[in-house]
Amino acid sequence: MDTFAIGDQDFLLNNEPFRILSGAIHYFRVHPDLWVDRIHKARLMGLNTIETYVPWNEHSPVPGAFVTDDGLDLGRFLDLVAESGMHAIVRPGPYICAEWDNGGLPAWLFADPMVGIRSSEPAYLDAVSAYMESVLAFVVPRQITHGGPVIMFQIENEYGAYGDDNAYLQHLVGLSKRLGVDVPLFTCDQPFGTMIEDGSLPELHKTGTFGSRADERLAFLRERQPTGPLMCAEFWNGWFDNWGTHHHTTDAAASAAELDALLTAGASVNIYMFHGGTNFGFTNGANDKGIYEPTITSYDYDAPLSEDGHPTAKYFAFRDVIAKHFPVPAEVPPGRMPVPTSSLAVSHYVSLLDVPVATQLVSGSVPPVEVTGHYRGFYLYEASLPGGGVLSFSEVRDRAQFFLDGVPVGVLSRELGERSVVIPAGGRLQVLLEDQGRVNYGQRIGEAKGLIGPALLNGMEVVDWEVAAVDLDSLEAFRSAAVPLPPGDAAAGVAGPSVSFATFEADGPGDRFLRLEGWTKGVVFVNGFNLGRHWSRGPQRTLYVPGPLIREGTNELAILELHGSATREVSFAVGPDLGPDEK
């Protein structure tokens with residue numbers, strides 16, 4: 001039986017000193033048919049371990065469920081890691097941050113406002129226990145002590161930046177051990193202030209998260225943990241992007257120098273991210289430190305392996321550093337092969353407001369969207385207004401388009417702090433509400449979404465609302481209602497909010513990058529798969545289309561456009577375009 005343990009100075013693999021050279025790949029951000037490729041390229045860079053988070057909300061979209069099919073097959077992902085000859089580190093949270101919707105916590109968990117978040121509150125612990133039992137059914141039999149790849153298991157995630165509830169951490173430790181975890185347990189926190197101590201327990205191995213000043217950070221960690229191997233559990237070699245900002249990059253040579261400093265100091269490392277992947281669908285998170293900032297669809301992260309799985313200059317710089325300290329495979333992965341450009345025009349169209357959706361009457365104040373039982377995407381509010389005037393809310397989470405008898409009358413954005421709109425006259429009000437991503441960090445985790453009441457028209461409350469989730473899991477209702485666009489120039493564009501359709505031919509599977517120049521804001525689907533959000537404000541200018549989504553013959557493209565486009569055309573680009581970087 002193989003073993004993995006924590007020694008006085010080193011990690012010990014079968015009682016021999018072992019250095020962890022790990023890279024982060026989130027299986028849930030990568031098409032499952034591409035897992036083997038990404039794992040293989042990590043090994044070719046010289047890594048020996050793959051680290052992944054586990055997103056509770058993705059696996060458990062409703063209470064009592066634990067979905068593990070397709071891109072959520074954690075067991076298969078870990079088995080592929082093992083087949084590659086690599087080890088694995090699993091970080092199940094239950095909170096993961098990860099710039100992921102709600103930090104990985106399921107929104108349904110907070111339907112009861114008394115439920116505590118990341119604490120020893122009993123209802124929260126009950127839900128966490130059920131989740132951990134489901135996760136560990138896949139992890140425990142895949143530990144190294146059972147012949148599998150898993151060598152370490154994380155307790156919570158950067159908890160010292162949030163709280164210091166030792167009873168909560170102790171519950172997670174006891175639960176993990178009772179359910180069969182016998183590999184080392186560890187915590188990770190930033191090496192600042194009291195985070196290391198607040199986020200851990202004396203019996204847990206402590207690791208740091210940082211991206212620069214490696215010697216200083218390791219010294220800080222050593223002061224607080226005199227024995228045991230040093231490890232940077234998140235070596236931040238890049239960063240994520242928010243809509244409306246520049247594309248973040250870090251210099252490859254500078255990042256490689258920091259990695260060299262880590263390895264020279266004898267530390268182990270987990271490169272965050274080795275391969276970032278994509279926030280498909282409505283999975284992106286958001287920050288709110290006074291200003292709400294939703295994360296873009298791409299999670300490229302300026303990582304060594306690009307969003308579409310190709311080595312970058314940083315990949316080769318890191319590989320050269322690792323080769324100074326450890327053997328690396330002789331094989332080198334190939335670069336990107338350009339995809340021929342082509343364009344196509346949407347041919348059919350339907351107004352989103354014309355497609356019936358089931359509604360729920362609320363007899364009192366305007367409700368949050370959670371009353372629908374759906375926790376992501378778009379929602380339609382409706383109410384009858386007795387007259388015109390100023391309509392105000394306590395808050396809008398996150399972006400609302402207002403229509404009076406089908407005519408647009410305004411937009412309110414949480415990002416801009418807008419809370420009131422002028423309604424010109426009475427009539428039937430419709431509000432298309434977009435959840436742009438739940439906050440993934442800080443004290444606003446778990447908050448409700450939607451129009452936050454009271455809703456006041458000239459100071460008087462508006463009641464008797466109807467609200468429904470716009471079902472985008474299947475596009476059939478929109479597809480069957482779509483009508484041909486009138487003949488004319490492709491530059492005629494389409495109105496919004498609407499769903500437009502096009503078809504295109506392909507010889508077979510193969511990566512694409514979709515460019516939506518002239519379109520404004522919305523969501524794109526290929527063969528029914530939600531690629532994620534697009535927005536003309538950038539920085540992201542293209543959407544990644546994983547090759548396995550494309551089939552031989554005819555393929556379908558669908559575009560949900562919120563405001564209207566200046567063209568009916570889109571194009572397949574040569575490569576990714578994430579906009580200008582910060583330099």
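See above for the structure.
In this text, all values refer to a predicted model and were calculated from it rather than measured experimentally.

Rules of the game
- Throughout this document, residue positions are counted from 1 along each chain, in the order its sequence is written.
- Given that the model is predicted, a residue must reach a pLDDT of at least 70 before its local features are reported, and side-chain atom pairs must reach 80 or more before they are shown or counted; all residues, however, enter totals for whole chains, interfaces and linings.
- Neither water nor hydrogens contribute to the side-chain values; these are computed over all heavy atoms in the structure.
- Only DSSP runs of H or I with at least four residues qualify as helices, and only runs of E with at least two residues qualify as strands; both kinds are numbered from the N terminus onward.
- For the purposes of these results, a polar contact is taken to be a pair of N or O atoms within 3.5 Å, where, inside protein, one atom must be able to donate a hydrogen and its partner to accept one; residues adjacent in sequence count only when each atom of the pair is a side-chain atom.
- Only C-alpha atoms enter the line fits that serve as axes; for helices the fit covers just the stretch in contact. Angles between N-to-C directions range over 0 to 180 degrees.
- Orientation is classified from the angle alone, with under 35 degrees giving roughly parallel, over 145 giving roughly antiparallel, 65 to 115 giving roughly perpendicular, and any other angle giving oblique.
- Helix crossings fall into two classes, left-handed where the near helix is turned counterclockwise from the far one by less than a right angle and right-handed where it is turned clockwise.
- Residues are treated as being in contact if the distance between any of their heavy atoms lies within 4.5 Å.
- Under the convention adopted here, Pro, Cys and the residues Ala, Val, Leu, Ile, Met, Phe, Trp and Tyr are nonpolar, Asp, Glu, Lys and Arg are charged, and Gly plus all remaining residues are polar.
- For Phe, Tyr and Trp, where Trp contributes only its six-membered ring, two rings pair if their centres lie within 6.5 Å, and the inter-plane angle classes them as stacked under 30 degrees, edge-to-face over 60, or tilted in between.
- The buried label goes to any residue with under 20% of its type's maximum accessible area, the exposed label to any with over 50%, and the partly exposed label to all in between, with areas taken from a 1.4 Å probe on protein chains only.
- Space inside and on the surface of the protein is sampled on a 1 Å grid over the protein atoms alone, with a cavity defined as a set of points where a 1.4 Å probe fits but cannot get out and a pocket as an open set with protein on both sides within 12 Å along at least 5 of 7 lines; lining residues have an atom within 4 Å of a point.
- Grid points are joined across faces, edges and corners, and a volume is the space filled by probe spheres set on the points.
- The pairing criterion is simple: DSSP has to find at least two bridges between the two strands.
- Salt-bridge detection follows one rule: a side-chain nitrogen of Lys or Arg within 4 Å of a carboxyl oxygen of Asp or Glu.

Visitor: For this particular structure, what's the right way to read the environment of S347?
Guide: Within the fold, S347 resides in the loop between β14 (342-345) and β15 (348-351). A polar atom in the side chain of S347 sits 2.9 Å from the side chain of H348.

Visitor: Looking at this structure, how should I read the packing of helix α8 (residues 252-264) against helix α9 (residues 313-325)?
Guide: Two numbers describe how α8 lies on α9: the axes approach to 9 Å, and their chain directions differ by 25°. Relative to α9, α8 is oriented roughly parallel. At the point where α8 passes α9, the crossing takes the right-handed sense. Here A252, S255, A256, L259, D260, L263 and T264 of α8 come into contact with α9, specifically with A313, K314, A317, F318, V321, I322, K324 and H325. Looking at the contact of α8 with α9 residue by residue, the classes come out as nine nonpolar, three polar and three charged.

Visitor: What am I meant to see in the packing of aromatic side chains here?
Guide: Working definition: an aromatic ring pair is given by the centre-to-centre distance plus the angle between the planes. Here the structure, examined in full by the defined rule, presents 30 aromatic pairs. Seen from their ring centres, W35 and F77 are 5.4 Å apart, and the 80° between their planes marks the pair as edge-to-face. Remark: F77 occurs in helix α3 (residues 74-83) and W35 occurs in helix α1 (residues 35-44); sequence separation between them is 42 residues. Residue classification places F77 among the buried residues on the basis of a relative accessible area of 1%.

Visitor: Help me understand the layout of surface pockets, please; the structure alone is not making it clear to me.
Guide: Over the atoms, a rolling probe the size of a water molecule traces out where space has been left empty. Here the largest pocket is characterised by a volume of approximately 1,200 Å³. If you trace the largest pocket, you find 42 residues lining it, with E58, F282, T283, R376 and D473 closest to the centre. Of all the secondary structure elements, the ones that give two or more residues to the lining of the largest pocket are α2 (56-59) and β32 (529-535). Each residue belonging to the lining of the largest pocket can be placed in one class, and the counts come to 21 nonpolar, 12 polar and nine charged. Considered as a void within the structure, the second largest pocket measures approximately 390 Å³ in volume. For the second largest pocket, the lining is made up of 22 residues, of which C97, E99, W239, F240 and Y441 are closest to its centre.

Visitor: Quick question: what am I supposed to make of the sheet that holds strand β8 (residues 185-189) here?
Guide: Hydrogen bonds between backbone groups are what pair the strands of a sheet, and the pairing can be parallel or antiparallel. Pairing in this closed barrel of eight strands is parallel, and the strands run β4-β5-β6-β7-β8-β9-β10-β11 around the ring. The average undirected angle you get between the axes of adjacent strands in this sheet is 30°. In the sheet, strand β4 (residues 21-25) pairs with strand β5 (residues 49-53) via three bridges, with the strands oriented parallel. In the sheet register, G23 faces β5, and the bridge partner there is I50.

Visitor: Sorry, what's going on with the sheet that holds strand β2 (residues 11-13) here?
Guide: Ordered in space as β1-β2-β3, the three strands form an open sheet in which the pairing is antiparallel. The sheet terminates laterally at β1 (4-6) and β3 (16-18), the two strands that pair on one side only. Across the sheet, the mean angle separating the axes of adjacent strands is 40° when strand polarity is ignored. Of the strand pairs in this sheet, β2 and β3 are connected by three bridges, and their pairing is antiparallel. When the sheet's bridge partners are listed, F11 is paired in β3 with F18.

Visitor: Looking at this structure, I do not really get unusual backbone geometry. What am I missing?
Guide: Only a minority of non-glycine residues have a phi that is not negative, and only a minority of peptide bonds are not trans. For the bond running from Y272 to M273, omega is -5°, close enough to zero to count as cis. Assignment of secondary structure puts M273 in strand β11 (residues 268-275). Here the phi dihedral of A98 falls at roughly 60°; this positive angle occurs in a residue that is not glycine. Within the secondary structure layout, A98 lies in the loop between β6 (87-91) and α4 (122-139). Owing to a relative accessible area of 2%, A98 belongs among the buried residues under this scheme.

Visitor: Could you clarify how one ought to interpret the pattern of salt bridges in this entry?
Guide: A pair can form between side chains of opposite charge whenever their charged atoms are brought close. Summed over the entire model, instances satisfying the criterion amount to 34 salt bridges. As a salt-bridge pair, D288 and R414 come within 2.9 Å of each other at their nearest N and O atoms. Here D288, found in strand β12 (residues 286-288), pairs with R414, found in the loop between β21 (407-413) and β22 (420-423); they are 126 residues apart in sequence, far enough to count as distant. Using a relative accessible area of 14% as the deciding quantity, one classes D288 as buried. Judged by its relative accessible area of 7%, R414 falls in the buried class. For E382, the salt bridge is made with R428, and the minimal N-O distance between the two is 3.2 Å.

Visitor: Quick question: what am I supposed to make of the pairing of strand β23 (residues 427-434) here?
Guide: For a regular strand, side-chain orientation follows a simple rule: the groups alternate between the two sheet faces. Within β23, six of the eight residues are buried, which leaves the element mostly enclosed by the surrounding structure. Here eight bridges tie strand β17 (residues 378-385) to β23, and the two strands are oriented antiparallel to one another. Of the residues in β23, the one forming a bridge with S384 is R428. The pairing of strand β20 (residues 399-404) with β23 spans six bridges and is classified as antiparallel. Counted as the bridge partner of F403 is Q430 from β23.

Visitor: Which parts of the structure should I look at to understand the side chain of S268?
Guide: Within the element layout of this structure, S268 appears in strand β11. Among residues more than four places away in sequence, those in contact with S268 are F11, F18, R19, I20, L230, M231 and C232.

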